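# Reading the structure
Here's the letter readout for the chains.
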Amino acid sequence: MVQNLTIRRGDTLSSIANRHGTTVAELAKTNNIKDPNRIIAGAKLKVQDGFDAKPKSGPTGSQQGDVFEKSQPKQPTTQASQQPQDTRQTGSTTWKDSQTGKSYPSRDGVPVYNQGDGDWKDSKLKGTGVGGAGDRRIGNKGCAMSACAMAVSALSGETVTPAEMDRHLDANGGYDKNSNVVWEKTTSSVKTQPPITTSREFNQRPGNLDQHLAKGKPVVIGVDRTGDGKTDHWMTVTGKNPDGSYRVNDPAGGKTLTMEMRNGKLASRDVPGKTYTFTGDAVYFSGGKQKTGQGASTPTQTQPQTQTPKQTPVAPKQPQNTNRPNPGGKLGVAYADNTRKAAKAQISTDPRYAAELRTISNLSPEKRKLIDEVARKADLPPALVAGIWYREASLKNGVYLHNGQELGKTTTIVPKGVFFRKDQFVDAAVDALRKHSKDQKALGLHYNSTDTGAMASYAEAYNGFGYRNKGVTTPYAFAGTDQYKGGMYVKDGDFRANVYDKRLGVMAVALEYMKGNN
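Let me begin by describing the structure that accompanies this report. (Residues numbered from 1 in each chain as written. Predicted model: local features only at pLDDT ≥ 70, side-chain atom pairs only at ≥ 80, totals over all residues. Heavy atoms only, no water.)

## As for the packing of aromatic side chains
In this structure the tally under the stated criterion is 12 aromatic pairs. Seen from their ring centres, Y462 and Y476 are 6.5 Å apart, and the 20° between their planes marks the pair as stacked. Remark: Y476 occurs in helix α16 (residues 475–478) and Y462 occurs in helix α14 (residues 452–463); sequence separation between them is 14 residues. Given a relative accessible area of 9%, Y462 falls into the buried group. (Phe/Tyr/Trp six-rings, centres within 6.5 Å; stacked < 30°, edge-to-face > 60°. Helix = DSSP H or I, 4+ residues; strand = E, 2+ residues; numbered from the N terminus. Buried < 20%, exposed > 50% of the residue type's maximum accessible area, 1.4 Å probe, protein only.)

So, in structure tokens, the structure goes:
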């Protein structure tokens, strides 16, 4: 994509070329610059961004002129560089396309692909053939699938180029209607034992990345390039340095770069004039082959395996919450009250609840597996997740747990403006639950929690404290138990003391659900 920019004081053609994944020669040619050493601040410059740039690769695919870690010298364009060595592992790793004979650089056992490579940059996403100026192509919109191609290659040992990944996604429903990648389809491009699977997560922190890197798994992360806090680019994290910084393969230009913690955020440090900031979006990979050289403090020199027996660090289990939670404010009042109620709560024998209770006790293994998947990703008790799903959507798929509206459409009631595809139920559910992460933390809730008072309080906070303000036990948490005595908001702002909520509350569902798990 060609864009016009204004030359800033202190800019050089070299710094501009690095920022946009192109070369000094290309800039000079495009802008008819006779002397590349003389440019004028304030003048306009036409730049072809690296997301759609002409490849700078030689026949081997090794990059010329773009070096982002001082510890890694430039690779000379010689025959020796045609089979790049991964100096962070024992031996060498060569990534070679069997169809074209072209080789690609390696870092931490992960190939470095350039989405702007001439072999595939013009290939259309979600469709075959060459794309036009208005089409979504690998070169301008293929960062996500290119980043996944790097990770899948590393975990399978096969050279899966962005071109091959694109063909696979085209043939297997790997793009949604907006040509966005369907993540779980990327790993079926290879056949490994155990199979490679993906998990899309939100609100992640660098510590979460560490657990996967320590297991020898690259991680695909979302970054913000424009400063609005939203993911607009994807890259592949390959390892962690002794100083705590991260090694990253960037498909925009096929570059390698470093990210480090700055002002509480994980941000790039070696992209002149441009900052990539980690947004918390991450795609994790399981299965496949374990790659060495990707854990924390990986040495930069090749070391024989016989010197240090390989040990795979195990991610520490989340500590059990042995101390009683002590939340403050209204949540604290609710927790004290709900702990007493939950300890005494018995499922109601009222016949109006009988059919719904049978539905909960007879949930299919598939439904329980889905509940468990959401619970693990949100780090909440499965019984609590089942209760909230029931209250918000009667345990139906294809809806938002935020408010019960249909997936695939932008929400129009609180919270407004949320959008997930119809096939993203798990992601949407986790997003809804994590919007209450502060309450979750204050109540000490995690996947293995058994504190029913904390579960009831989380459910009450999830729905709001309107009933508590009326001095009434909330049916959202306790309907269907002997703790609920009636009273219901029939619509927003319209409370009726003589109306009885005929639907099960979260705790009734949770108690019945836990019976089925015993």
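## Section: helix α5 (residues 162–171)
Every buried residue of α5 is listed here: P162, A163, M165, D166, H168 and L169. Against the buried residues of α5 lie α3 (138–141), α4 (143–156) and α6 (183–186). At the C-terminal side of α5, G173 shows a positive phi close to 65°. (Contact = heavy atoms within 4.5 Å.)

## A few points about the environment of D11
Considering the arrangement of structural elements, one finds D11 in the loop between β1 (2–6) and α1 (13–20). Note: C-alpha distance between D11 and I39 (28 residues apart in sequence) is 8.3 Å.

## Observations concerning the pattern of salt bridges
Opposite charge on two side chains makes pairing possible when the charged atoms of those side chains draw close. Inspection of the entire model under this criterion finds 28 salt bridges. Residue K341 is joined to D337 by a salt bridge in which the shortest nitrogen-to-oxygen separation is 3.1 Å. Here K341 pairs with D337, and both are found in helix α8 (residues 329–344), just four residues apart, close to one helical turn. For the pair shown, K341 and D337 are each scored as buried. Ionic pairing is found between E512 and K515, a salt bridge with its closest N-O pair at 3.6 Å. Placement of both E512 and K515 in helix α17 (residues 506–516) is noted, with a separation of three residues, approximately one turn of the helix. (Salt bridge = Lys/Arg side-chain N within 4 Å of Asp/Glu carboxyl O.)

## Focus: the pairing of strand β13 (residues 277–286)
With eight of 10 residues buried, β13 is to be regarded as a mostly interior element. In terms of strand pairing, strand β7 (residues 197–201) meets β13 through five bridges, oriented antiparallel. When the bridges of β13 are listed, R200 appears paired with V283. Examined bridge by bridge, strand β8 (residues 219–224) and β13 share four bridges and lie antiparallel to one another. Residue pairing for β13: I221 is matched across the bridge by A282. (Pairing = 2+ DSSP bridges.)

## Notes on the side chain of D97
Note on placement: D97 falls in the loop between β3 (95–96) and β4 (103–104). Of the side chains with opposite charge, R167 comes closest to the buried, unpaired D97, at an N-O distance of 6.1 Å. What D97 contacts, discounting residues up to four positions off in sequence, is K102, Y104, T159 and T161. (Lys, Arg positive; Asp, Glu negative; His and termini not counted.)

## With respect to helix α12 (residues 425–434)
Every α-helix carries 3.6 residues per turn, so stepping three or four residues along brings you back to the same face. Here α12 lies mainly inside the structure; 10 of its 10 residues are buried. Residues F425, V426, D427, A428, A429, V430, D431, A432, L433 and R434 constitute the buried set of α12. Tucked inside the fold, the buried residues of α12 contact β7, α10 (365–378), α11 (382–393), α13 (437–442) and α14.

## Regarding the nonpolar core
Soluble, globular proteins show a tendency: their nonpolar side chains are buried together. Judged by nonpolar contacts, the single largest core of 60 residues is most densely connected at L384, I388, F425, L433 and Y458. Secondary structure elements with two or more residues in this core: α8, α9 (354–361), α10, α11, α12, α14, α16 and α17. Excluding residues within four positions of it along the chain, I388 makes contact with L401, L433, Y458, Y462, Y476 and V506. Of all hydrophobic cores here, the second largest spans 31 residues; its members include Y113, W120, C148 and V181. (Core = buried A, V, L, I, M, F, W, Y, C linked by side-chain atoms within 4.5 Å.)

## Some words on the side chain of D166
Along the chain, D166 turns up in helix α5. For the buried D166, no salt bridge is present, and the opposite-charge side chain at shortest range is R167, 7.0 Å distant. Excluding its chain neighbours within four sequence positions, the residues that come into contact with D166 are S123, K124, L125, K126, I138, M145 and Y175.

## Focus: the pairing of β8
The buried fraction of β8 is high, at six of six residues. Across the two faces of β8 the burial is the same, with V219, I221 and V223 and V220, G222 and D224 all buried.

## So, the packing of α4 against α5
Running from N to C, α4 and α5 cross one another at 105°; their axes reach a closest spacing of 9 Å. For the element pair α4 / α5, the angle class is roughly perpendicular. For the pair α4 and α5, contact is made by M145, S146, C148, A149 and V152 and by P162, M165, D166 and L169, respectively. Looking at side-chain class alone, the contact of α4 with α5 contains seven nonpolar, one polar and one charged residues. (Axes fitted to C-alpha atoms, helices over the stretch in contact; angles between N-to-C directions. Parallel < 35°, antiparallel > 145°, perpendicular 65-115°, else oblique. Nonpolar A, V, L, I, M, F, W, Y, C, P; charged D, E, K, R; others polar.)

None of the figures reported here should be taken as evidence of function without further support.
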